[in-house]
Amino acid sequence: MATKASRTAARMMISPAVVLLLGWMLVPLSLTIYFSFLRYNLITPGTNPFVGWENYYWFLTDPSFKAAMINTLVLVGGVLLITVVGGILMALLLDQPMWGQGIIRIMVIAPFFVMPTVSGLIWKNMFMNPVNGIFGHIAQGLGVEPISFFSQIPLLSIIFIVSWQWLPFATLILLTALQSLDQEQLEAAEMDGASWISRFFYIMLPHLARSITVVILIQTIFLLSIFAEILVTTNGGPGTSTTNLTYLIYVASLLQFDVGMGSAGGVIAIILANIVAIFLMRMIGKNLDA
Amino acid sequence: MGRIQLSQVSKVFGDVEVIPPLDLDIEDGEFMVFVGPSGCGKSTLLRLIAGLEDVTTGSIVIDGSDATTVPPAKRGLAMVFQSYALYPHMSVRKNIAFPMKMARMPQDEQVRRLEAAAQVLNLTEYLDRRPGQLSGGQRQRVAIGRAIVREPAAFLFDEPLSNLDAALRVGMRLEISELHKRLQTTMVYVTHDQVEAMTMADKIVVLHAGVIEQVGSPLELYRSPQNTFVAGFIGSPKMNFIEGPEAASHDAHTVGIRPEHIDVSSGSGTWTGTVGVSEHLGSDTFFHVTVDELSQLLTVRAGGEVDLHYGDTIHLTPNLDHLHRFDERGLRIS
Amino acid sequence: MARSVKTSRKAVTTLVAGTLGLLMFFPVLWIVILSFKSEGDAIKAPLAVLFSTDWTTESYGAVQARSDYLKHFSNSVVISFGSTFLGLLVAIPAAWAMAFVPGKRTKDVLMWMLSTKMLPPVGVLVPIYLIFRDLGILDSRVGLVFVLMMINLPIIIWMLFTYFREIPGEILEAARMDGASLREEIIHVLTPMAIPGIASTVLLNIILAWNEAFWTLNLTSAKAAPLTAFIASYSSPEGLFYAKLSAASVMAIAPILILGWFSQKQLVRGLTFGAVK
Ligand SMILES: Nc1ncnc2c1ncn2[C@@H]1O[C@H](COP(=O)(O)OP(=O)(O)O)[C@@H](O)[C@H]1O
Ligand SMILES: [Mg+2]
């Protein structure tokens with residue numbers, strides 16, 4: 001399969017992708033790094049003097065940075081926990097024989113097709129609005145004080161909305177994996193006298209390990225840059241209670257027009273993402289061999 | 001025309017030399033079989049000829065012109081793959097016509113060749129089916145059809161029968177041999193099955209770890225194997241090898257005697273032995289006999305209806321005209 | 001006896017799964033219902049909404065009149081289809097090379113490509129924004145098509161790679177022996193054989209691009225704004241007009257929901273990003 005001619009061809013075939021991705025990575029990246037050392041604000045034009053680590057200093061010592069870090073971790077971790085555990089349970093359920101499996105599956109997948117701005121808005125208004133939202137109506141019906149979701153439990157509300165969007169994805173992947181499990185293995189285990197619980201822990205869960213890795217990997221990539229759900233619901237507030245790193249940098253860059261500060265934040269976000277990436281890449285690197 | 005000459009051709013993958021430099025001359029019209037145990041480099045050699053791999057050193061000359069760096073399609077060779085490699089999304093007709101389409105052959109010529117090939121291969125009724133709807137043997141014939149229409153200088157087959165069941169295999173073996181008789185085109189055929197090699201080949205190349213052990217007609221290989229590897233590989237059941245004093249008495253390090261060259265008698269003979277497992281094939285019976293004098297197991301052939309059982313004592317006499325002698329390096333002593 | 005136990009168990013499973021499915025689906029169902037109500041009805045208690053029998057399509061008209069739905073819809077179509085097909089053009093050759101002519105570094109290259117996906121968009125927001133401003137392609141379809149192609153390219157390459165890898169190399173070699181050029185090999189043999197995989201890839205990436213809401217929100221204002229941005233403009237105070245918000249939402253998600261449901265098989269395959277068989 002590998003003659004010199006085909007290797008030359010392969011190099012030519014892959015080069016557009018490599019060049020594009022390299023450009024996409026290097027050009028903005030070097031600009032971000034460059035800007036991060038400048039005092040550069042779009043509303044105060046003039047020379048953009050070199051200020052060394054000043055932007056980093058202000059960005060890192062700003063209390064909202066610490067808050068944003070914590071919020072990011074809680075948001076990603078919370079959604080991963082809910083979707084992975086929920087996804088396993090849903091997959092186990094949907095793997096059982098039932099009527100109308102096709103329709104039920106369609107209903108379960110549906111949230112994945114809903115764009116983030118829409119899901120943010122419908123949960124915020126139609127469900128979580130304390131006066132006219134469904135949860136508000138239910139609370140009134142039960143005679144309890146309705147919760148004001150976005151002022152009392154803002155981050156939790158966002159975790160809930162995002163989990164709703166990603167649960168279908170986890171469910172579907174895990175269901176696909178479950179369905180590929182050799183039925184004879186389970187039957188053999190049953191013959192060996194394994195209980196349902198031990199069949200789950202000793203056979204199903206190990207079989208699902210790879211897919212769980214995939215779910216965590218893919219979701220983490222998307223969850224680290226959650227943006228629209230926050231933008232249309234809380235704008236990062238109240239205070240900084242729902243500001244994640246992405247949103248914090250967005251505020252600095254495009255709302256305060258502080259290019260220098262936004263870039264310093266961007267560099268930090270990249271470094272953090274790299275730390276996560278190295279960890280995740282290890283996981284799929286192993287899976288790629290398998 | 002289809003003469004293929006390899007000189008000093010070698011292939012290295014990474015730092016493993018799969019094929020040390022070798023020379024080989026395949027005559028026009030010859031049915032040449034590469035045979036050897038799996039992993040010995042047969043496919044690699046075939047793919048070097050096809051141009052699917054580059055040679056590391058050496059040159060390949062096809063019909064007098066150097067083809068070493070010519071791309072596969074321009075070498076005028078057609079290949080039939082082990083997995084058939086049919087295009088699953090195309091009908092049989094389109095599969096067979098594909099090489100002609102790629103060559104931008106005139107439409108009427110395409111139709112003519114397609115119909116001729118379908119006729120020869122009994123595929124006329126199946127032209128509009130997809131490969132997935134065909135049996136193994138039919139797929140095999142489509143793959144051959146795709147090769148025939150190109151009217152190549154030579155056909156290359158890589159274990160084309162190994163995915164078929166035993167009965168079909170015998171049938172296809174005959175069909176391919178017949179095809180060769182009719183077309184008189186050079187065929188290079190790879191197999192690990194020495195029976196296929198013996199029954200089909202004009203000339204056999206026995207490969208072992210990338211090295212050519214011997215080249216010759218089936219009977220030459222059978223009658224005078226040049227070393228113990230060829231002796232053991234060609235012929236079924238395997239030749240018996242005897243070392244030690246018995247070999248020394250024939251002035252050799254090792255002597256070999258085929259099962260069919262040992263006479264069995266219940267009365268007397270050179271050796272005495274005890275019958276172990278026996279395999280009844282109907283026409284022949286093979287006995288595995290533990291020989292007292294040699295304290296080793298020999299396989300012997302007897303007629304189909306010899307009545308011997310496990311544990312019986314028998315006498316064996318080797319036919320000394322058919323004794324093969326080898327030296328310490330395993331080479332034939334003539 | 002055994003049979004009836006099975007049936008009853010199946011009934012319970014169906015009931016539980018059906019209820020969960022309905023709960024997951026409920027928000028979508030709910031906005032469909034609300035979108036056909038008058039504003040006055042739409043803010044009533046859920047049961048009152050369900051049992052009121054006044055249906056109206058006025059909200060749909062109002063949404064189109066207020067913010068020109070069709071313009072945003074066509075922006076979404078151009079951006080999501082355009083970025084996906086351009087991505088495919090770049091990705092098919094690259095995936096071919098990695099799947100069929102693997103070298104020592106192929107795995108590293110693939111990993112590196114995937115790792116560019118981990119570059120947080122916010123990390124390059126500022127320079128991209130400024131470059132686009134200077135090139136005059138802020139708020140343009142061209143700009144967004146390019147950005148979305150770039151952010152989805154690693155996924156497209158990865159998915160195609162996993163699908164191509166399942167195709168036996170011998171078939172491509174056969175095509176080569178049959179005289180196909182590289183281009184013909186890819187067009188006549190590889191692509192048709194990989195159609196299911198390519199379809200899954202295309203579907204998933206159209207959906208990802210359709211729903212992408214970081215770059216589309218930050219790089220557009222009016223002209224090129226796709227449906228994600230169109231909806232964001234309902235964030236307040238129009239959010240309090242439930243019927244109109246619902247109608248707008250339904251119109252934003254319906255195309256993709258319908259596309260998704262009609263191609264469920266490919267989509268389910270695609271949704272696993274080619275990572276689970
Ligand atoms: N592309 C390759 N890269 C590295 N090693 C290879 C490659 N192809 C074949 N080999 C090695 O070369 C040897 C011969 O392989 P092959 O020609 O396929 O044997 P055969 O067809 O006789 O079974 C084997 O040890 C195999 O592992
Ligand atoms: Mg082979």
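Since this is a predicted model, take the numbers as computed values, not measurements. (Residues numbered from 1 in each chain as written. Chains lettered and ligands numbered in written order. Predicted model: local features only at pLDDT ≥ 70, side-chain atom pairs only at ≥ 80, totals over all residues.)

### Observations concerning the overall build of chain B
Here is the rule: Secondary structure follows DSSP: runs of H or I at least 4 residues long count as helices, runs of E at least 2 residues long count as strands, and numbering of each begins at the N terminus. Around each residue's C-beta, the other C-beta atoms within 10 Å are counted; 20 or more make the residue buried, 12 or fewer make it exposed, and counts in between make it partly exposed. All C-beta atoms are placed from the backbone.
If you tally the helices and strands in chain B, you get nine helices and 18 strands. Put simply, chain B has 334 residues, and 40% of those count as buried.

### Looking at the nonpolar core
The cut-off we apply is this: To form a nonpolar core, buried Ala, Val, Leu, Ile, Met, Phe, Trp, Tyr and Cys residues must be joined through C-beta atoms within 7 Å. C-beta atoms are first placed from the backbone for all residues, and any pair lying within 7 Å is then listed as a contact.
Membership of the largest hydrophobic core comes to 263 residues, with the highest contact counts inside it found for Leu156 of chain B together with Ala91, Ala95, Ile157 and Leu160 of chain C. Considering every element that reaches this core, the biggest residue donor is helix 8 (residues 141-164) of chain C, with 18 residues. Beyond its immediate sequence surroundings of up to four residues, Leu156 of chain B is in contact with Leu46, Ile49, Ala50, Leu77, Ala78, Met79 and Val188 of chain B.

### Brief notes about the confidence of the model for chain B
Any region with low pLDDT has predicted coordinates that should not be read closely. Rules: The predictor rates its confidence in each residue with pLDDT, a number between 0 and 100.
Confidence in the prediction of chain B, expressed as mean pLDDT, is 92, and 100% of residues score 70 or more. Across the interfaces of the predicted complex, the ipTM metric reaches 0.87, alongside a pTM of 0.86.

### So, the pairing of strand 3 (residues 31-35) of chain B
All names here are of chain B. In plain terms, the rule: Pairing between two strands is assigned when DSSP locates at least 2 bridges connecting them.
The buried fraction of strand 3 is high, at five of five residues. The alternating pattern of strand 3 places Phe31, Val33 and Val35 and Met32 and Phe34 on opposite faces, both of which are buried. Pairing between strand 3 and strand 8 (residues 186-191): five bridges, direction parallel. Directly across from Phe31, in strand 8, lies its bridge partner Met187. In the sheet, strand 3 pairs with strand 9 (residues 203-208) via four bridges, with the strands oriented parallel. Within strand 9, the position partnered with Val35 by the bridge is Val206.

### Notes on the packing of helix 2 (residues 92-102) of chain B against helix 4 (residues 136-148) of chain B
All names here are of chain B. Spelled out, the test is: Every axis in this analysis is a line fitted to C-alpha atoms, fitted for helices over the stretch in contact. Angles between the N-to-C directions lie between 0 and 180 degrees. An angle below 35 degrees is read as roughly parallel, one above 145 as roughly antiparallel, one from 65 to 115 as roughly perpendicular, and any other as oblique. Each crossing is labelled by how the near helix is turned from the far one, with a counterclockwise turn of less than a right angle marking it left-handed and a clockwise turn marking it right-handed. When residue character is reported, Ala, Val, Leu, Ile, Met, Phe, Trp, Tyr, Cys and Pro are called nonpolar, Asp, Glu, Lys and Arg charged, and the others, Gly included, polar.
Between helix 2 and helix 4, the least distance of the axes is 7 Å, while the angle of their chain directions is 30 degrees. Considered as vectors, helix 2 and helix 4 are oriented roughly parallel to each other. Remark: the crossing between helix 2 and helix 4 carries right-handed chirality. For the pair formed by helix 2 and helix 4, the contact residues are Val92, Asn95, Ile96, Phe98 and Pro99 on the first element and Val142, Gly145 and Arg146 on the second. A class-by-class count of the residues in the contact of helix 2 with helix 4 yields five nonpolar, two polar and one charged.

### Observations regarding the site of ligand 1
In plain terms, the rule: Note on definitions: a residue is near a molecule or strand provided its C-beta atom, placed from the backbone, lies within 6 Å of it.
All residues adjacent to ligand 1 are Phe13, Val18, Gly36, Ser38, Gly39, Cys40, Gly41, Lys42, Ser43 and Thr44 of chain B. Broken down by class, the residue content of the shell around ligand 1 amounts to three nonpolar, six polar and one charged.

### Side note on the sheet that holds strand 12 (residues 254-257) of chain B
All names here are of chain B. The strand order 11-12-18 describes an open sheet built from three strands, whose pairing is antiparallel. Single-partner strands in this sheet number two, and they are strand 11 (240-243) and strand 18 (324-326). Each adjacent strand pair in this sheet contributes to an overall mean axis angle of 25 degrees, direction not counted. Examined bridge by bridge, strand 11 and strand 12 share four bridges and lie antiparallel to one another. Note that in strand 12 the partner of Asn240 across the bridge is Ile257.

### Digging into the interface of chain C and chain A
Residue-level contacts link 82 residues of chain C with 82 residues of chain A. Among the elements that line the side of chain C that touches chain A, the one with the most residues is helix 1 (residues 2-35) of chain C, at 16 residues. For the side of chain C that touches chain A, the residue count by class is 60 nonpolar, 17 polar and five charged.

### So, the interface of chain B and chain A
With five residues of chain B in contact, the opposing surface of chain A contributes five residues. Broken down by class, the residue content of the side of chain B that touches chain A amounts to two nonpolar, one polar and two charged.

### Quick notes on the pairing of strand 16 (residues 296-303) of chain B
Residues and elements named next belong to chain B. Bridge count for strand 15 (residues 284-291) against strand 16 is eight bridges, and the pairing is antiparallel. Along strand 16, the bridge assignment pairs Asp284 with Gly303. Counted along the chain from strand 15 to the antiparallel partner strand 16, the turn is four residues long, and its residue Ser295 has a positive phi close to 40 degrees.

### Things to note about the environment of Asn163 of chain B
All names here are of chain B. Here Asn163 is to be found in the loop between strand 7 (154-158) and helix 5 (166-183). Linking Asn163 and Ser83, residues 80 residues apart in sequence, is a C-alpha distance of 7.4 Å. Once you skip the residues sitting within four places of it in the chain, Asn163 turns out to touch Gln82 and Gly136.

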